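Chain and residue survey
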Amino acid sequence: MDIALEGIGKRYGNDLALKPLDLQVPPGELLALLGPSGCGKTTLLRLIAGLIEPSQGKIEIRGRDVTHVPAHRRDVGLVFQNYALFPHMTVWQNVAFGLRMRGMPKGDIRRIVDETLEVVQLGRLGGRLPTQLSGGQQQRVAVARALVLKPAVLLLDEPFAALDKALRDQMQIELRNLQRRLNITSIFVTHDQDEALTISDRIAVMNAGRIEQVDSARGVFEAPKTEFVLGFIGQSNKFEGRVEAANAHGATVAIRDWRIKVVNASQGLSVGDKLTVAVRPGKMSLSREAPAADQNAIEGTIIDTLYLGTSTQYYVETGGVRTEVHRQNTDSSSAEQNFAIGDRVWITWLPQSTLLFPR
Amino acid sequence: MATAEYTSVPSLTYRLYTPFSKVLSHIAQKKWAFLLLLLPPLLFLTLFFVVPMAMFLREGFVAVDPHSAARTLSFGNYVRFLGSPDYLKVLWNTLRLGVIVTFLCLLLGYPLAYAMARFGPRWQRWILVAVISPLMVSVVIRTFAWQVILRNRGPLNDFLIAIGIVDSPVRLLFTFTGVVIGLVHVFLPYMVLPLASVIEKIDPRLEEAARSLGANVFRRFFEVVLPLSMPGILAGSMLVFTASVSAYVVPELLGGERVQVVPTMVTQQILILLDWQFGAAIATILILLTLLVLALYRWLSRRSFQPAK
Amino acid sequence: MPSNMAEKILIRGVVIAILIFLIGPLVIVCGLSLSKANLIKFPPQELSLRWFADVWKLDGFVAAVVLSLKLAALTTVGTSVLGVMGSLALVRYRFAGRNILLGVFLSPLVLPAIVIGIALLQYFRTIDLLSTFSTLLIAHIAVTLPFMVRTMTASLEVMDENLFDAAKMMGADALQTFIYVTMPSIRSGFIAGALFTFILSFDNYTVSLFLTDPQTETLPIRMLKFTQVRVDPTVAAAATILIGLSLLILLLSIHLVGLRRLGGLSSSKA
């Protein structure tokens, strides 16, 4: 493990900003800390960087206990949210700063800074001041400045927040490529789930000082562990249900008049358990014909449609609850499958797509 | 360690600096590190400002027995000042001076501030130079200039006679009016600069919008610009008023004995009549007045930021 | 605001008149020094520069200039050091009573100079330890320190806090951060403060009045005595030289700091 956090917590007076948590990051991984404002993700990042001391717990970087080691001796580089480039220094001087502080001879500094600027593709802009650079260029300077000390870990605090949409997509891919090329363990903080899903190897979803789930993009999307993760990533339809029957292979859950089959072998479900049943809109299908008896299905009337080009969203009134179904508009959808407002339809989905959470 | 990847040898100056740096970092970690920065100036100020002021103001509460030189706590000085109509007249004179000077500075300063903010960079540049340069010249020289100008046979009177406003010279030196003129000249920049800073921040499109809605010059000014510039008016007025009532040089040189204000009176009592206790009491009254105006300013500023009901 | 030609001309005329009021007296002083006759009369009948040659003969003038320059230089050094130290402590660290202490540092600004002068007179008489020059220096630092603190705290507060964290991550210690990050960022505020301090000290009259003695006179005190004793163009010439000096400093300040900043306006137009 390149980074190992054990029992890390941080309190400010009576406020528990981080509840004791563990986290392990293998070498070369790009991990996203994802969560809403105030969830503690930036606190956690700064804690790993060494700018904040934990109230409890231990931090190890490459096997070395750095819990009480100051930031500049921890072997980490930090890219700040607004880059924090020294405004009175040129790009070149900004990147050279860390090397100067270590007393490196001038000749060596020159060579290394030039190399690093090449790596982030800023070779010819060394003489510019930060105010003369675009947002994307400033970000690259900040990354170069962090990388020049060849840290074991690269930390980034909302690195794309200050960029506009088009630039953001491009810089995300660039960062991903750079990280892979250098094979440097990296953690970045974001509140944007799309960003996290797009470029990270794993995502740590955080809420109120706690890590709710650490998993790959597929993992947090397909198998969210808590209702918070379910709600934070992607959309879902939620129903109240009660377990009617359960055995080793699966269970039957009652949602009002309907019977839903679920396949969750690991869950210890007993008859009578109250649950929240969730299904993502993309996993649902619409059909005019009644489904087979053993399929998961609920019936309803379409009350609204929203055509979005690649897909269409249908809003179905199902016994007092509004269910959202997303359908890809592929050419293979036959004409008769274009649904309209007022149609009575059946919504079906696979048992594996049913997500359960205790209530 | 990252720099283990770099095999270069640190420079000599760095190696010499490192032990010092280690000690510095060790100290900087301590909770009391900031005191190393704070104490020298704080100690200086305490020793050479707070203590002298306290010692002096304390004198105002002391009565010295003329025979035994015994010192007792007493409010006698204050009673003496506040109970005497002559002394109160001096206080009133001072307040009157402050108000008049402030008002005139506002009257003259507002157009300058507005021009500075709205007439474009060239006007702004020249007005700034004209406003700031007197600040760099000693008050002694500025007062000397007015002494020359306001004399009976000085350029101002010559001018007034020449254009026929008066027949014989108007006495301006050693009058209240002369002091007012001198103080307005000295303190005008203190009104213009804060005002200009505030007016500049008012969106010019507001005035354009008012004009497009049919408001004429006066209405635009009174209903849009003036209210929005109120913070600047308050700031400038506070500065000018407190400076005017505390002013010593101009009233002393341009007013002489005929114009009695509190600061000149304090000096008289202490340096000429050697009544330190009485002088200190009067000085305390002056300070209280200044603090009162400051508190008034704070209160008014807070109020003007509340949304209109 | 004015919309038609007449209004425009009117208000511009008013502004120019007020500017003449502001600058006029200084121009008149300069004009007096150029008069050929030994008269204080404006406008001068005939022009001559002869009084400037006599300036140096003015009793005690040169000594006062030297003294005031020395005093102003030392005051600037003292106030700069103490001011930067105090501002750093007040802005960069959190501790109880911070706001109150800031108020204490700024308090000399609101108190009448006359009172400060008299209080220091009494104080130094009681102590009776220091030379006149020392007391003058101390007094000058005391009255210029609040300006410096105000300017420095304003500059420090607008600094991006992350810059300090970035420097820390790069391995800079407290001193290195100060030299390479803090000072360059507050450079113009510092220069403005230092220049202002110099001028305040050089021109100071009220507080110095109570602390000088006949052997140690600052320039403004000496100048005032001149104007009371001999009112001839030599004095006007001395005043003109000082005005010229002030203008030079103004030009220097504008070059180093910028005219807008000198006037307390924000550096970018709102």
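Residues numbered from 1 in each chain as written. Chains lettered and ligands numbered in written order. Predicted model: local features only at pLDDT ≥ 70, side-chain atom pairs only at ≥ 80, totals over all residues.

The next thing to look at is the overall build of chain B. Counting secondary structure elements, chain B contains 14 helices and 2 strands. For 309 residues, the compact-globule estimate of 2.2 N^0.38 gives 19 Å, and chain B exceeds it by more than 25% at 27 Å. Seen through its C-alpha atoms, chain B measures out along the principal axes to roughly 95 × 80 × 50 Å. A buried classification covers 41% of the 309 residues belonging to chain B. Within chain B, contacts between residues at least 6 apart in sequence are counted, and of these 70% link residues at least 24 apart. (Helix = DSSP H or I, 4+ residues; strand = E, 2+ residues; numbered from the N terminus. Rg over C-alpha atoms; globule rule 2.2 N^0.38 Å. Buried ≥ 20, exposed ≤ 12 C-beta atoms within 10 Å, placed from the backbone. Contact = placed C-beta atoms within 7 Å.)

What follows is about the overall build of chain A. From N to C terminus, chain A includes 8 helices and 20 strands. In terms of overall dimensions, chain A has C-alpha extents of about 80 × 45 × 35 Å along its principal axes. Relative to its full complement of 359 residues, chain A shows a buried share of 37%. Look at the contacts in chain A between residues 6 or more apart in sequence, and 64% of them connect residues 24 or more apart.

Sheet strands pair via backbone hydrogen bonds, and the direction of the pair is either parallel or antiparallel. Residue and element names in this part refer to chain A. With respect to topology, 5 strands assemble into an open sheet ordered β13-β12-β11-β14-β20, the strand pairing being antiparallel. At either end of the open sheet lies a strand with only one pairing partner, and these are β13 (258-262) and β20 (355-358). Taking the axes of each pair of neighbouring strands and ignoring which way they run, one obtains an average angle of 40 degrees across the sheet. Judged from the 4 bridges that link them, strand β11 (residues 237-246) and strand β12 (residues 251-255) form a sheet pairing that is antiparallel. From the neighbouring strand, Arg242 faces β12, where its bridge partner is Ala254. (Pairing = 2+ DSSP bridges. Axes fitted to C-alpha atoms, helices over the stretch in contact; angles between N-to-C directions.)

On to the interface of chain A and chain C. Residue-level contacts link 14 residues of chain A with 14 residues of chain C. When residues in the side of chain A that touches chain C are grouped by element, the largest group, 3 residues, is from helix α2 (residues 91-101) of chain A. For the side of chain A that touches chain C, the residue count by class is 9 nonpolar, 4 polar and 1 charged. (Nonpolar A, V, L, I, M, F, W, Y, C, P; charged D, E, K, R; others polar.)

Attention now goes to unusual backbone geometry. Note: most residues except glycine have negative phi, and most peptide bonds are trans. Although it is not a glycine, Arg62 of chain A sits at a positive phi angle of roughly 50 degrees. By the secondary structure assignment, Arg62 of chain A is in the loop between β4 (56-61) and β5 (64-65). Backbone geometry at Phe174 of chain B places phi at a positive 60 degrees, although glycine is not the residue there. Topologically, Phe174 of chain B is positioned in the loop between α7 (155-162) and α8 (176-201).

What follows is about the environment of Leu167 of chain A. All names here are of chain A. For Leu167, the position within the fold is in helix α5 (residues 165-182). Spatially, the C-alpha atom of Leu167 lies 30 Å from that of Phe228, the residues being 61 residues apart in sequence. Not counting chain neighbours up to four residues away, the residues in contact with Leu167 comprise Gly135 and Gly136.

On to the interface of chain C and chain B. Taken together, the contacts link 67 residues of chain C with 71 residues of chain B. Here the side of chain C that touches chain B gets 13 residues from one element, more than from any other, and that element is helix α1 (residues 5-33) of chain C.

A separate point is the domain arrangement of chain B. Residue and element names in this part refer to chain B. Entries for chain B in the domain assignment read domain 1 (38-74) and domain 2 (87-304). Summarising the inter-unit geometry, the C-alpha centres of domain 1 and domain 2 are found 32 Å apart. At the interface, 7 residues of domain 1 touch 5 residues of domain 2. Elements supplying a minimum of two residues to the side of domain 1 that touches domain 2: α2 (33-59) and β1 (62-64). (Domains from an automatic or database assignment.)

The subject of this paragraph is the domain arrangement of chain A. On domain assignment, one finds that chain A holds domain 1 (3-232) and domain 2 (237-358). Centre-to-centre separation of domain 1 of chain A and domain 2 of chain A, based on C-alpha positions: 40 Å.

Attention now moves to the pairing of strand β6 (residues 76-79) of chain A. All names here are of chain A. The two faces of β6 match: Val76 and Leu78 on one face and Gly77 and Val79 on the other face are all buried. As paired elements, β6 and strand β7 (residues 153-157) share 4 bridges and run parallel to each other. Bridged to Val79 within β7 is Leu156.

Judged by nonpolar contacts, the single largest core of 153 residues is most densely connected at Ala113, Ile141 and Phe187 of chain B together with Ala239 of chain C. When residues in this core are grouped by element, the largest group, 16 residues, is from α8 of chain B. Ala113 of chain B has contacts with Val192, Leu195, Ala196 and Ile199 of chain B, leaving out every residue within four places of it along the chain. With 96 residues, the next largest nonpolar core counts Val220, Val277 and Ile298 of chain A together with Met170 of chain C among its residues. (Core = buried A, V, L, I, M, F, W, Y, C linked by C-beta atoms within 7 Å.)

A separate point is the sheet that holds strand β15 (residues 285-287) of chain A. Residue and element names in this part refer to chain A. Spatial strand order, β15-β19-β16-β17-β18: 5 strands in an open sheet with antiparallel pairing. In this open sheet, the two strands that pair with only one neighbour each are β15 and β18 (321-328). Between one strand axis and the next, the sheet turns through 45 degrees on average, direction left out of account. Pairing geometry for strand β16 (residues 296-307) and strand β17 (residues 311-318), over 6 bridges, is antiparallel.

Turning next to the confidence of the model for chain B. All names here are of chain B. Of all residues in chain B, 95% have pLDDT values of 70 or greater, and the mean over the chain is 88. Within chain B, helix α10 (residues 217-228) has the poorest average pLDDT of any element, 83, and α8 the best, 94. In the model output, the complex is listed with pTM 0.86 alongside ipTM 0.89. (pLDDT = per-residue confidence, 0-100.)

All names here are of chain A. Across the 6 residues that make up strand β8 (residues 185-190), a large majority, 6, are buried. Here β8 shows no split at all, with Thr185, Ile187 and Val189 on one side and Ser186, Phe188 and Thr190 on the other all buried. Bridge count between strand β3 (residues 30-34) and β8: 5 bridges; the pairing is parallel. Looking across to β8, one finds that Leu33 is bridged to Val189.

As a further point, take the environment of Lys106 of chain A. Secondary-structure assignment places Lys106 of chain A in helix α3 (residues 106-119). Residues Lys106 of chain A and Ala96 of chain A, spaced 10 residues apart in sequence, show a C-alpha to C-alpha distance of 9.6 Å.

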